[in-house]
Amino acid sequence: MTSHGHPPGRRRSGRLMVGASAITTLGSIPPFLIGAQAVEIRDDLGFGLGGFGVAVSLFFATAAVATVATSGVVDRMGRRRLLAVAGTLVALGGASMGTLVAGWWSLLLVMMVLGLGNAACQATANLLMARALPPGRRGLGFGVKQSAVPLAIMLGGLAVPTTGEIWGWRSTFLLTATLGLLVVVLAALTGRRRRAGAAPVAVEVDLFDVPPTLPLLLAALAITFASAAANFVGAFAASWGFEVGMTPSQTGLLMAAGSGGSIVVRIFSGWRADHRHGANLPVVATQMWVGAAACLGLVVQAEWAVWVFGLLAFSIGWSWPGLLLYAVARLGRDNPAKASGAIQAGAFTGGALGPLLLGGLSATAGFPVTWAVAAGCFLVAGVLILLSRRLFVADLVARPPREPFTYARVKVTGPTSPRPVPGQEG
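This structure is a prediction, so every number in the text was calculated from the model and none was measured.

Side note on the confidence of the model for the protein chain
Considering every residue of the protein chain, the mean pLDDT works out to 78; 77% of them sit at 70 or more. Across the protein chain, the secondary-structure element scoring lowest on mean pLDDT is strand 2 (residues 410-413), at 44, and the one scoring highest is helix 12 (residues 281-297), at 95. For the stretch residues 194-208, pLDDT sits under 50, and the model shows 12 contacts to residues farther than four places along the chain or on other chains. Across residues 408-423 the pLDDT falls below 50, and counting only partners more than four positions away or on other chains, this stretch makes 32 contacts in the model.

Rendered as structure tokens:
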């Protein structure tokens, strides 16, 4: 016990969760910074709504390609090297955005650099959650880690009436560049401490006990649909609010308030997952269907509707990523990095397609039609999640995992324990 009465393991877990959330926030924030400041940036650089959607999509597309291309080497690189790469890319991209971007084409190039930084940040954080946290705290860990995305949206929204209004939109990216440099310094200091101490224990990865392919693909496809809709909400809610009569400061506060609600729900969902005997994916599907209902409500062209349904879309409709990653990492057998990597790639793909396709649709058919299409994406995603769960559970019963599952620190299934009840796990 420490002098404050808290077990050292709990304090270490807390530091890991906060660190993973911070690095994820830093990697995720660029599209939401430009989303919250879209009106000013588009006027300054001289491009329209469709061009804005392409820039946001390229960020996520780059991250998706990088995630798929490096999925086999993430474990071998280790957290320190990944952290250094992530900080370098974030610093380079932020500094370029703040000083060099002068038009649409230069914006696209910088968004690619920032997309690579996001992929490195996500890989580092996922590796921390899947490998360094005790099993009984991973649900909460993934909830805290994935709260970084709404935190990024909140900070992006708060940047409009604060830093952006005082020093201009470029100053917000110079701030992220400074934080990226701090991450590089932290990685260097971490490496120095490890060299001075004992050598880290290598992580054994059973490459043969792979996740079942079909349910993993269905889950990745589900998050592609859901992320397409959710990232459209995050990137274009401010533009829709501006169209119905809200001021830029009001839309920024809306995004900040909705993101705060999403953070609370994500953390609570993760905490509940650690104390629930499975059945996490049905909760994910329900949250996605709430997102569908909220998008349908946004069809109403009124300020009150944007406030009410915008808050609902952010706080509950986009509260599922941490719980989904946690559930799939558990069901991914003894190779959680591969399982969570597939889900992360699906999230990035949806993040790329959403602003591109739905953003283009909003420019041609209008926002009301696009909100209805986004609702359909959420609806399909929930159905796919439940289909993937049935297949995950069937595989888990047929192939009990090598390591026992734990719930609230109690082992309930494994080689020497009863098999999971069909329909309960996941």
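With respect to the environment of leucine 296
Turning to its location among the elements, leucine 296 is positioned in helix 12. Measuring from C-alpha to C-alpha, the distance between leucine 296 and proline 368 comes to 8.5 Å, with 72 residues separating the pair along the chain. For leucine 296, the contacting residues outside a window of four places in its chain are Ala372 and Ala375.

Quick notes on the packing of aromatic side chains
Taken as a whole and judged by the stated rule, the model has 10 aromatic pairs. Between the aromatic rings of phenylalanine 59 and phenylalanine 60, the centroid separation amounts to 5.0 Å while the plane-to-plane angle is 90°, which identifies the pairing as edge-to-face. Residue classification places phenylalanine 59 among the buried positions, given a relative accessible area of 0%. Judged by relative accessible area, phenylalanine 60 falls into the buried class, the value being 7%. Three or more aromatic residues joined by ring pairs make a cluster, and in this case those are Phe232, Phe236, Trp240, Phe367 and Trp371.

Let's talk about the state of the cysteines
Tallied over the full model, the rule gives zero disulfides. Sulfur of cysteine 295: no disulfide; nearest cysteine sulfur belongs to cysteine 377 and is 8.7 Å away.

Some details on empty space enclosed by the protein
What the rule picks out here adds up to two cavities of 30 Å³ or more. Of the volumes computed, that of the largest cavity is approximately 220 Å³. Around the largest cavity sit 19 residues that line it, and Gln146, Val149, Asn231, Gln344 and Ala347 are the ones nearest its centre. For the lining of the largest cavity, the secondary-structure elements that each account for two or more residues are helix 1 (8-36), helix 6 (104-132), helix 10 (213-243), helix 14 (321-331) and helix 15 (336-364). Split into classes, the residues belonging to the lining of the largest cavity amount to 11 nonpolar, seven polar and one charged. Lining the second largest cavity are Gly35, Ala36, Gln37, Ala38, Val39, Glu40, Ala238, Ser239, Phe242, Pro248 and Thr251. Contributions of two or more residues to the lining of the second largest cavity are made by helix 1, helix 2 (38-45), helix 10 and helix 11 (248-274). Partitioning the lining of the second largest cavity into residue classes produces six nonpolar, four polar and one charged.

About the criteria used
Residues numbered from 1 in each chain as written. Predicted model: local features only at pLDDT ≥ 70, side-chain atom pairs only at ≥ 80, totals over all residues. Heavy atoms only, no water. pLDDT = per-residue confidence, 0-100. Helix = DSSP H or I, 4+ residues; strand = E, 2+ residues; numbered from the N terminus. Contact = heavy atoms within 4.5 Å. Phe/Tyr/Trp six-rings, centres within 6.5 Å; stacked < 30°, edge-to-face > 60°. Buried < 20%, exposed > 50% of the residue type's maximum accessible area, 1.4 Å probe, protein only. Disulfide = S-S within 2.5 Å. 1 Å grid on protein atoms, 1.4 Å probe; cavity = no way out; pocket = protein on both sides within 12 Å on 5 of 7 lines; lining within 4 Å. Points joined across faces, edges and corners; volume = space filled by probe spheres on them. Nonpolar A, V, L, I, M, F, W, Y, C, P; charged D, E, K, R; others polar.

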